[in-house]
Amino acid sequence: MEEKTVYSAVQPSGDLTIGNYIGSIRNWLPLQESYTCYFAVADLHSITVRQDPALLRERTLSLAALYLACGVDPEKTTLYVQSHVPEHAQLCWALNTIAYVGEMERMTQFKDKSQKHADNINMGLMDYPVLMASDILLYQTDLVPVGQDQTQHLEICRDLAIRFNNRYGETFRVPKAHIIKERAKICSLLEPTKKMSKSDENPNASIFLTDPRDVILKKFKRAVTDSDNTIRYAEEKPGVSNLLAIYSVFRGCTIAEAEKSFEGCGYGTLKTAVGETVADALEPIQREQQRLLGEREYLLSLLKKGAENARERAEKTLISVYEKIGLLRG
Ligand code: TYM
């Protein structure tokens, strides 16, 4: 049987939150055992909003170190930086010619970001989903582990793959999103119906993967719950449900087990327990990330090897696409 391929990426556009970890990176780890995996640092995506160049470079390396610290195994997967593989931008150009302006304008993320960065509604921002589709389709991907906010982009990616295949003949595998329902949308600690986001203006709304223990405990203590004081996972209790979801991930138990372990307890107990569990889990990741960042040369060589590996596969897809659309080979 042909091996299945997994692709995912995160933008180095700010400090990552536990939302990024729970909704995405953590779900990559078990897939490494039985799939061919490509995990990228999506630096080209991040420049669709203004970045400080020096900081972006540091964040890119720091995110690669974080992947490794979280458990991405460079022996089993291909870990690389998106801009090191020029085929991403090259495929994007070809896919742009079958992507319609109208469908890009309808993307929720484009609308949100256009509002937030009203002085910089650039072409890249609108083209973001086409570049993301290029990332995925270059590797003939089967599964894309992401959080819920990416489902619309995954749909567009599938549409573009199908549209291209229909027009030019079977070329791309049509990928599927790999989403774990209870983990797909970790919410803000202060507005628990809203997604926890690395770009939230209030730092108390998010737990960053770099937050020290005392900050984590304090933020969970301030988390918004409700006045009912019973600890259960329910739609009408978004704050408590969010805390239970976070707890269950870091404890490695089910949500039902988490509910059971807090039977008869008050919200104060829950908040302290979640804070301590998260702080305990993040501590070794933070330590390992710092250790790796001290080994810059090793990281850079790993990323170089990763990009070479990625290019081998990417090049094949790109050549076949360029041939199909009629570009003369030199
Ligand atoms: P980014 O950097 O915005 O988010 C990275 C991943 O984290 C998930 N995520 C969440 N999951 C659960 N709860 C949350 N509060 C939360 N916040 C973020 C996102 O769904 C995402 O999976 N466009 C992508 C990066 C990308 C990509 C790709 C992903 C570029 N190319 C190809 C997959 C395949 C993004 O938004 O990253």
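For the protein chain, the helix and strand inventory stands at 13 helices and 5 strands. Against the 2.2 N^0.38 benchmark of 20 Å for 330 residues, the protein chain shows a C-alpha radius of gyration of 21 Å, consistent with a compact globule. Counting over 330 residues, the protein chain shows a buried share of 50%. For the protein chain, the share of sequence-separated contacts (at least 6 apart) that also reach a separation of at least 24 residues comes to 76%. As displayed, the protein chain offers around 15800 Å² of accessible surface, 51% of which is attributable to carbon and sulfur atoms. The averaged location of the 44 negative side-chain charges in the protein chain is 1 Å from the averaged location of its 41 positive side-chain charges.

The subject of this paragraph is the pattern of salt bridges. Going through the model one piece at a time under the given rule, you end up with 21 salt bridges. Note that Glu191 and Lys194 form a salt bridge whose closest N and O atoms lie 3.3 Å from each other. Its salt-bridge partner being Arg291, residue Glu295 comes within 3.0 Å of it at the nearest N-O pair. Linked by salt bridges that have partners in common, Glu33, Asp73 and Lys76 make up one network.

Let's shift gears to helix 6 (residues 108-116). Those residues of helix 6 that sit buried are Gln109, Phe110, Lys113 and Ser114. Buried positions in helix 6, seen along its axis, are confined to an arc of 130° and lie on one side of it. In this structure, the buried side of helix 6 is in contact with helix 5 (101-105), helix 7 (123-138) and helix 8 (151-168).

Here helix 3 (residues 53-70) crosses helix 13 (residues 296-325) at 85°, and the two axes come no closer than 11 Å. Judged on the interaxial angle alone, helix 13 and helix 3 are roughly perpendicular. The residues of helix 13 that touch helix 3, namely those facing Glu58, Leu61, Ala64, Ala65 and Leu68, are Arg296, Leu299, Leu300, Leu302 and Leu303. Its residues assigned to classes, the contact of helix 3 with helix 13 shows 8 nonpolar, no polar and 2 charged.

Evaluated as defined, the whole model comprises 9 aromatic pairs. Seen in terms of ring centroids, Tyr7 and Tyr139 are 5.3 Å apart; in terms of plane orientation they differ by 20°. Their pairing is stacked. Placement of the pair is Tyr7 in strand 1 (residues 5-10) and Tyr139 in the loop between helix 7 and strand 4 (143-145), with a sequence separation of 132 residues. Summarising the burial analysis for this pair, Tyr7 and Tyr139 share the class buried. Judged by centre distance (4.9 Å) and plane angle (65°), the rings of Tyr247 and Phe262 are edge-to-face. Taken together, the residues Tyr247 in helix 10 (residues 238-251) and Phe262 in the loop between helix 11 (255-261) and helix 12 (267-293) connect sequence positions 15 residues apart. The same class applies to Tyr247 and to Phe262, which are both buried. Members of the aromatic cluster, connected to one another through ring pairs, are Tyr7, Tyr38, Tyr80 and Tyr139.

What follows deals with empty space enclosed by the protein. Counted by the stated rule, this structure contains 1 cavity of 30 Å³ or more. Considered as a void within the structure, the largest cavity measures approximately 50 Å³ in volume. Taken together, Met107, Gln109, Phe110, Lys113, Leu125, Met126, Tyr128, Pro129 and His153 make up the full set of residues lining the largest cavity. Contributions of two or more residues to the lining of the largest cavity are made by helix 6 and helix 7. With 4 residues, helix 7 is the single largest residue contributor to the lining of the largest cavity. Of the residues in the lining of the largest cavity, the class split is 6 nonpolar, 2 polar and 1 charged.

So, about the site of the ligand. Near the ligand lie 27 residues; those nearest to it are Tyr128, Asp135, Asp149, Ile186 and Lys198. The separation between an oxygen atom of the ligand and a polar main-chain atom of Gln11 is 3.0 Å. Between an oxygen atom of the ligand and a side-chain N or O atom of Asp149, the distance comes to 2.4 Å. Alone, the ligand offers 710 Å² of accessible surface; in the complex the protein occludes 97% of this.

This part takes up the state of the cysteines. A full pass over the atoms with the stated rule returns 0 disulfides. In this model Cys37 remains outside any disulfide bridge; the closest cysteine sulfur is found in Cys70, 15 Å from its own.

This part covers the side chain of Ser46. Position of Ser46 relative to the elements: it lies in helix 2 (residues 43-46). You can call Ser46 buried: its relative accessible area is 0%. For Ser46, the side chain forms a polar contact with the main-chain oxygen of Asp43, separated by 2.8 Å. Setting aside residues up to four positions removed in sequence, Ser46 forms contacts with Gln11, Pro12, Ser13, Gln51 and Leu56.

Conventions we followed
- Residues numbered from 1 in each chain as written.
- Predicted model: local features only at pLDDT ≥ 70, side-chain atom pairs only at ≥ 80, totals over all residues.
- Heavy atoms only, no water.
- Helix = DSSP H or I, 4+ residues; strand = E, 2+ residues; numbered from the N terminus.
- Rg over C-alpha atoms; globule rule 2.2 N^0.38 Å.
- Buried < 20%, exposed > 50% of the residue type's maximum accessible area, 1.4 Å probe, protein only.
- Contact = heavy atoms within 4.5 Å.
- Areas by Shrake-Rupley, 256 points an atom, 1.4 Å probe, with all protein chains shown as cover.
- Lys, Arg positive; Asp, Glu negative; His and termini not counted.
- Charge placed at Lys NZ, Arg CZ, Asp CG, Glu CD.
- Salt bridge = Lys/Arg side-chain N within 4 Å of Asp/Glu carboxyl O.
- Arc of directions from axis to C-beta.
- Axes fitted to C-alpha atoms, helices over the stretch in contact; angles between N-to-C directions.
- Parallel < 35°, antiparallel > 145°, perpendicular 65-115°, else oblique.
- Nonpolar A, V, L, I, M, F, W, Y, C, P; charged D, E, K, R; others polar.
- Phe/Tyr/Trp six-rings, centres within 6.5 Å; stacked < 30°, edge-to-face > 60°.
- 1 Å grid on protein atoms, 1.4 Å probe; cavity = no way out; pocket = protein on both sides within 12 Å on 5 of 7 lines; lining within 4 Å.
- Points joined across faces, edges and corners; volume = space filled by probe spheres on them.
- Near = heavy atom within 4 Å.
- Polar contact = N/O pair within 3.5 Å; in protein donor to acceptor, adjacent residues only side chain to side chain.
- Disulfide = S-S within 2.5 Å.

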